[in-house]
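Structure assessment
If you want the building blocks of each chain, they are given just below.
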Amino acid sequence: MATTWRYYAVPSGTEAVSGCNVVARFADFGHGRNGGGRRGIKADRLMLMRKWQLRPMKRSFSVRNVSSEQQHKVKDPTTQHEDVESLGHFDTFPPDASSIASSIKHHAEFTPLFSPDKFELPKAFFATAQSVRDALIINWNATYNYYERLNAKQAYYLSMEFLQGRALLNAIGNLGLTGAYAEALNKLGHNLEKIAAQEPDAALGNGGLGRLASCFLDSLATLNYPAWGYGLRYKYGLFKQRITKDGQEEVAEDWLEMSNPWEIVRNDVAYPIKFYGKVLTDSDGKKHWIGGEDIKAVAYDVPIPGYETKTTISLRLWSTKAPTGDLDLSVFNSGKHTQAAESLYNAEKICFVLYPGDESLEGKTLRLKQQYTLCSASLQDIIARFERRSGTEIKWEEFPEKVAVQMNDTHPTLCIPELMRILIDVKGLKWKEAWNITQRTMAYTNHTVLPEALEKWSLELMQKLLPRHADIIEMIDEELIRTIVSEYGTADSKLLEKKLKQMRILENVELPAAFSDLLVKPKKSTVAVSTDVLGETEEEEEEIDPSGGKIKSVKEFIQGKEKKIPEPVPEPPKLVRMANLCVVGGHAVNGVAAIHSEIVKDEFFNDFFQLWPEKFQNKTNGVTPRRWIRFCNPDLSKIITSWTGSEDWVLNTEKLSELRKFADNEDLQSQWRAAKRSNKLKVASLIKEKTGYIVSPDSMFDIQVKRIHEYKRQLLNILGIVYRYKMMKEMSASERKKKFVPRVCIFGGKAFATYVQAKRIVKFITDVGAVVNNDSDIGDLLKVIFVPDYNVSVAELLIPASELSQHISTAGMEASGTSNLKFAMNGCILIGTLDGANVEIRQEVGEDNFFLFGARANDIAGLRKERAKGKFVPDPRFEEVKKFVRSGVFGSSSYDEMLGSLEGNEGFGQADYFLVGKDFPSYIDCQAKVDEAYKDQKRWTRMSIMNTAGSYNFSSDRTIHEYARDIWNIKPVELP
């Protein structure tokens, strides 16, 4: 590292001012839309020195990754001239605890967020974080300025979620200052671990989608790739989960209540966002989107430091507000306060909540506003940066050579029509040129094979809220139709009709006028009922009454049926298929695990794959080994370092494979078990704090933590536990102790607020826990725990302590998963189906070190058809469990609706779509194998070591290298 913290002398008798704070005050320049650059920063420094009568002292310190004591002189890549600091030369030395303590004390006094009389934990946390941020800002600005001058191609990662977790320990770990900060805080009467616990998790995400995005940012910075993240700054997050006797309750997140010490608001970086209005066409055919509702998106930047590198990249979050002038003072003063501030509220609420409920039209509108805000503000920012770096001569054809935009799932799909709109309407490009640029710039990551998760938006809503984008999407759809017709011709009308139905972006929409005669439509049959039929002829036909032989005339028969004429079938809704738009509008489409990518190619986007096979790739997910081993599991990290000979594994995870040769070593196994038990003790304390239950650290810790969803099959897990409990109750004490190993079964995760079935499952888990945990006959042999409000910080405790982790989704339905990778890295053994990244984990760690059960992905469709035909015969044990639950043993609640989803052969919400009943016997048998393996601790420990050793290929560093090489075409840029 070459981050320099400088201290300056002040006039005699005046208290010293920390130079790092001085730097913090004027180092914010240079991130704005208009730049600022190094010369501007120097001028500000000189101005502040004169204003505050500061003079440079020969005292500073740097965090360095080189042995030389000389500072690097940065060369301007365009001129190759040395850029020498105008404030003089400084000697450097490693940061010491005393200097850090002084910096923390300074911020406690001069960057106050609390009253001055006390230095308690919250105040100490903010002062510590601000002290760390000072160090980050210097590298942050240096990175930004270097990228500006170098003008290398840069990647931009757009995601609706970034599940960052706490930042303090990660930041000082990446800076190599963990020990120094621990000592400094001890000098100040505080403990680093307790200080870190004061930080709330940033409420910017929910599940694997957001955690993957955050791991990617860590790897991008660590590997020195020029890249930024873009997201939204949610004021209240998804929700904070509370568990009561009624199950899950949701309350607003309060993570910003005391501000966020890591973010810097960029008031000079704000962009206009428009909704509604209308599109006019002038005399030369140019489109103008006018009128409507106008708001502003304001940038908040969060630094993302790399590990053992100076590179510090940005996560830019957008917050929304209305112009101050939109507050109607005359209406306000007349007493209509809500009406006067309506436009302000409408703007601000866009960034209130992650994934607002969308069952209402208002909810759908708000979600679409969120997605467009992210896309429009980010693209305006990216384009402004491209224009600034291009100088006086802007060549738009070079835009894809300088910019790569990655859409993380379908939420940022509107980037495609928005980039087209800006290029055509604002920059004056022709359609063909703009379309070529857009396709070469955009790339799409698919994260799901669930049909309901492949977003489809109402065309009517799109036309109302974003009329210009609706126009552009219709034109892209027409462009696609032209391509399909060109590829497949018109000779085989059935094939063409099938391709158009599957591939078009617009669903249930008539073909454009230019193609109106392309397909021959069957004529609508019109049956005219003559007056004769109504009984006005001389002769009337007669009809047999099916109820019993009485003869009716046709007139009587028809009149008797009049009230039973069926209602006309409503027109199907006209929809915009966002996933199809992503495939069409980008140059690359990737899945996130090998099996998922094959399903994407063979099933979901097969027609597109046949047309454009070169677009489709696999990029198996990865997780950062810094946060997910090095920092969250220090005991295990020390063991790995000791047995592999160095800390190289933190950056080169291939080194983890060296543990394989020591897997049977008794000394390693002993150390391994001790580290695991130490982590289990921490979790036992967490469980007591969060739930009140006391668990034994000598039990197996069996964990399933992830978003609550039927396809993830928490229901299979808890029904398996119920079966286990039922068996225990039917045995004597000695029998159950012989047959079963003690287990603590831990659940965690949030059910979406409007997902009723998922919330039923949460309540059922807590009801089972309330009975089992208080059963004195069972004691420590079985505990069932639901940890409330699962987040990254809770994961950082649970994952290192885990011994068995359940990844038991219906095969073919989990795209990849990321928690499975983290568990394996931390020496946890997985029980799971061949789904998502489980397939590759099992290959790497070895089949003997993975507990496999369940149907295979290619069998699922056939099994569902068998079920629909009534051919499924449930296992008797499955029927026993359902009967046991319905007996009332877990309380008076009715579980009929929850269990009803597992019964019947067809119908919405029935027929066991996720195959819980089908896989139940295989799951129970596999769990018996788990018990047997755990009884042999030497074998179990070996399996644990082999999981860590086999996870060498699960690093997000590997994934990012692949994205950079195969999709973005960017190169690492290491700061001098």
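Everything here concerns the structure above.
Since this is a predicted model, take the numbers as computed values, not measurements.

Per the counting criterion, the structure on display carries 60 salt bridges. Of the charged contacts in the structure, one is a salt bridge between Lys 759 and Glu 250, with a shortest N-O distance of 2.8 Å. Pair noted here: Lys 759 is in helix α29 (residues 756–772) and Glu 250 is in strand β8 (residues 247–251), with a separation of 509 residues, a long-range link. Take Glu 250: its relative accessible area is 30%, and that puts it in the partly exposed class. A salt bridge links Lys 726 to Glu 880, with the nearest nitrogen and oxygen atoms 3.3 Å apart.

By the alternation rule, side chains of strand β26 (residues 804–807) split into Leu 804 and Gln 806 and Ser 805 and His 807, which are all buried. As paired strands, strand β23 (residues 700–705) and β26 are joined by two bridges and run parallel to one another. Across the sheet, Asp 702 pairs through a bridge with Leu 804, a residue of β26. Summarising the sheet, β26 and strand β27 (residues 829–832) pair through four bridges and their orientation is parallel. Across the sheet, His 807 pairs through a bridge with Gly 832, a residue of β27. Handedness of the crossover joining β26 and β27 through helix α31 (residues 819–825): right-handed.

Our next topic: helix α33 (residues 860–868). Buried within α33 we find Ile 860, Leu 863 and Arg 867. For α33, the buried positions fall inside an angular range of 60° around the axis, keeping them on one side. On its buried side, α33 packs onto α36 (916–935). Note on α33: the residue one or two positions beyond its end, Gly 870, has a positive phi of about 80°.

Core analysis: the biggest nonpolar cluster contains 156 residues, and Trp 318, Met 462 and Trp 968 have the highest contact counts within it. The residues contacting Trp 968, other than those within four sequence positions of it, are Lys 153, Ala 155, Tyr 157, Leu 220, Ala 404, Gln 406, Ile 960 and Tyr 963. Counting residues in hydrophobic clusters, the runner-up holds 56 residues, among them Cys 745, Val 881, Met 898 and Tyr 923.

A few words now on the sheet that holds strand β22 (residues 616–618). Taken in spatial order, the nine strands line up as β9-β12-β13-β6-β5-β14-β15-β21-β22 in an open sheet, and their pairing is mixed. Of all the strands in the sheet, just β9 (264–275) and β22 have a single pairing partner and so form its edges. Averaged over all adjacent pairs, the angle separating strand axes in this sheet is 25°, with direction ignored. One ladder, built from three bridges, connects strand β15 (residues 442–445) with strand β21 (residues 588–591); its direction is parallel. Along β21, the bridge assignment pairs Ala 443 with Ala 588.

Now for unusual backbone geometry. Unusually for a residue other than glycine, Ser 259 sits at a positive phi of about 75°. Here Ser 259 shows up in the loop between β8 and β9. With phi around 70°, Ala 911 is a residue other than glycine that occupies positive phi space. Turning to its location among the elements, Ala 911 is positioned in the loop between α35 (896–900) and α36.

Once that is clear, we can look at the packing of aromatic side chains. Aromatic rings in a pair are described by how distant their centres are and how their planes are angled relative to each other. Throughout the structure, instances matching the rule amount to 34 aromatic pairs. Aromatic side chains Phe 216 and Tyr 963 sit 5.4 Å apart centroid to centroid with 65° between the ring planes, which places their arrangement in the edge-to-face category. Of this pair, Phe 216 sits in helix α8 (residues 208–222) while Tyr 963 sits in helix α38 (residues 956–968), and the two are 747 residues apart along the sequence. The buried category is assigned to Tyr 963, whose relative accessible area is 0%. Site record: aromatic cluster; members linked through ring pairs are Tyr 144, Tyr 156, Trp 228, Tyr 230, Tyr 271 and Trp 318. Here Arg 266 stacks its cationic end above the ring of Trp 140, 5.3 Å away from the centre of that ring. Over the ring of Tyr 913 we find Arg 864, and its NZ or CZ is 3.7 Å from the ring centre.

What follows covers the state of the cysteines. Enumeration over the complete set of coordinates arrives at zero disulfides. With no disulfide of its own, Cys 415 has Cys 375 as its nearest cysteine by sulfur position, at a separation of 3.6 Å. In this structure Cys 415 comes out as buried when scored by relative accessible area, which is 0%.

Packing of helix α25 (residues 634–644) against helix α26 (residues 666–691) leaves a shortest axis separation of 9 Å and a crossing angle of 160°. The pairing of α25 with α26 is recorded here as roughly antiparallel in orientation. The handedness of the crossing between α25 and α26 is left-handed. Note on element contacts: α26 touches α25 through Asp 667, Leu 668, Gln 671, Trp 672, Ala 675, Ser 678 and Asn 679, opposite Asp 635, Leu 636, Ile 639 and Trp 643.

Rules used in this analysis
- Residues numbered from 1 in each chain as written.
- Predicted model: local features only at pLDDT ≥ 70, side-chain atom pairs only at ≥ 80, totals over all residues.
- Heavy atoms only, no water.
- Salt bridge = Lys/Arg side-chain N within 4 Å of Asp/Glu carboxyl O.
- Helix = DSSP H or I, 4+ residues; strand = E, 2+ residues; numbered from the N terminus.
- Buried < 20%, exposed > 50% of the residue type's maximum accessible area, 1.4 Å probe, protein only.
- Pairing = 2+ DSSP bridges.
- Right-handed = clockwise from strand over helix to strand, strands pointing away.
- Arc of directions from axis to C-beta.
- Contact = heavy atoms within 4.5 Å.
- Core = buried A, V, L, I, M, F, W, Y, C linked by side-chain atoms within 4.5 Å.
- Axes fitted to C-alpha atoms, helices over the stretch in contact; angles between N-to-C directions.
- Phe/Tyr/Trp six-rings, centres within 6.5 Å; stacked < 30°, edge-to-face > 60°.
- Lys NZ or Arg CZ within 6 Å of the ring centre and 35° of its normal.
- Disulfide = S-S within 2.5 Å.
- Parallel < 35°, antiparallel > 145°, perpendicular 65-115°, else oblique.
- Left-handed = near helix turned anticlockwise from the far one by under 90°.

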